[in-house]
Structure formats: structure tokens, C-alpha cells
Amino acid sequence: MSVVVIARRYAEALADVATARGLVEQIDREVLLFVGMMESNRELLDVFASPIISQTDKQRVLDALTARVRPGQITVNLLRTMLNHYRLHHLGEVHAQFRRAINERKGLVVAEVTTASDFGHAEKEKLVRALERVTGKHVDLRFKTDPALIGGIVTRIGSVVYDGSVRTQLAGIKERLKQGESAV
């Protein structure tokens, strides 16, 4: 079973509990804090991923972390359950799937937008409106720039990519020229 499928199961259950108890933002912050600890300290991530280190030792490490950070009981239960099933090192993916599940429940999609140069506020608003018409949902834009695009825009919403970059258009023209097409 893939990590994404497993993470989605944990995330959906966590989203159900967090939503029912009105603790979505708190749990999101707490889980993100632990994800940050593991991402910033490779050795910590390696401890939880290692088949050589005993579960007892891993539990001691987790207990020390939770005693220091003092997350809520739901977060502690998630961490312990994942540890007991040898999956705590996949917490980052569980958090990503949790955010996806919560956003889906709110009717919100995240659009990752890459442009060759910075977008102005008016251009961002216009893009948001266009994407909301296409998706039928509220859109949260995440921008980054990549001068290699030359111009245009690449937008990713989930697994769907809308590529209107000059780089891709030039690559398409080059490919057609290779195939002997005369119409460009």
C-alpha cells in the first residue's frame, strides 16, 4: 500500500475528529510543529524510521517530545498510533493529506502558481476569479517564480497542471519542427 493511501486514511480520521471537536486549527498547528521538528532534525526522523531502534526507545523519544511540547490529547493519540504502526516517519505526508481533507471540506483548493516574474495584486485577483470559475471552489493561491519559464504561467491544482508557459510552447514548436510539420 502506498504512503499516500496510508496517510490519507490517518488524515481523514484525524479530520473527522478535529472537525467534530472544533479543533482543526489547533491540531493543524500541533501536527505541523512535530513535522517541522522531524524535517529540521534528520536524526529524529531516522530514529522513527529505523527498524533497528526498538519501539520502546522510540516511545521514550516520543514521550520526551510530547512532554516538552504538550500537544492536545488528539495529537498525542495520533502520534502514538502512528508510532505503534511503524508509520510516524510519514507524519509529513499525513499532515499534507490532513490539510487537503480540511480544505476539501471547506470547499477550498490550493493552486500552486509558478510565473517567470512576480504578479501584481490585480493580476492575482483576476487569476483567482478565473480559477474559481473553473474549479467551482474557493482558491488559495501559492506563488513562486521561475525565470526559466521565460513568460506565461504554470498552475497546479491537485494533480492537474495547466501549463501556459513560453518554455513549454517553445518545446512544442521544437518538437513539431523535428517531426517535419510546417505549420507553426
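Residues numbered from 1 in each chain as written. Predicted model: local features only at pLDDT ≥ 70, side-chain atom pairs only at ≥ 80, totals over all residues. Heavy atoms only, no water.

### Some remarks on helix H5 (residues 73-84)
In a regular helix each residue adds 1.5 Å, so twelve residues correspond to 16 Å; H5 covers 16 Å between its end C-alpha atoms and thus fits that length. Of all the positions in H5, only Ile74, Thr75, Val76, Leu78, Leu79, Met82 and Leu83 are classed as buried. Phi for Tyr86, located one or two positions after H5, is positive at around 60 degrees. (Helix = DSSP H or I, 4+ residues; strand = E, 2+ residues; numbered from the N terminus. Expected span 1.5 Å × (residues − 1). Buried < 20%, exposed > 50% of the residue type's maximum accessible area, 1.4 Å probe, protein only.)

### Concerning the nonpolar core
If you look at the biggest cluster of nonpolar residues, it comprises 30 residues, and the most contacted ones within it are Phe48, Leu88, Leu91 and Phe98. Ignoring any residue separated from it by four or fewer positions in sequence, one finds Phe48 in contact with Met38, Lys58, Val61, Leu62, Leu65, Leu83, Leu88 and His89. With nine residues, the next largest nonpolar core counts Ala111, Leu131, Leu141 and Ile157 among its residues. (Core = buried A, V, L, I, M, F, W, Y, C linked by side-chain atoms within 4.5 Å. Contact = heavy atoms within 4.5 Å.)

### Some thoughts on the pattern of salt bridges
Enumeration over the complete set of coordinates arrives at eleven salt bridges. Here Glu12 and Arg105 are joined by a salt bridge, their closest N and O atoms 3.1 Å apart. Within this pair, whereas Glu12 is found in helix H1 (residues 3-21), its partner Arg105 is found in helix H6 (residues 91-105), the two being separated by 93 residues in sequence. Exposure remark for Arg105: the relative accessible area of 39% places this residue in the partly exposed category. (Salt bridge = Lys/Arg side-chain N within 4 Å of Asp/Glu carboxyl O.)

### What about the environment of Phe98?
Note that Phe98 resides in helix H6. A relative accessible area of 0% places Phe98 in the buried class. Put simply, Phe98 and Ala15 are 83 residues apart on the chain and 6.2 Å apart in space, counted from C-alpha to C-alpha. Setting aside chain neighbours within four positions, we find Phe98 in contact with Ala11, Leu14, Ala15, Ala18, Val24, Ile27 and Asp28.

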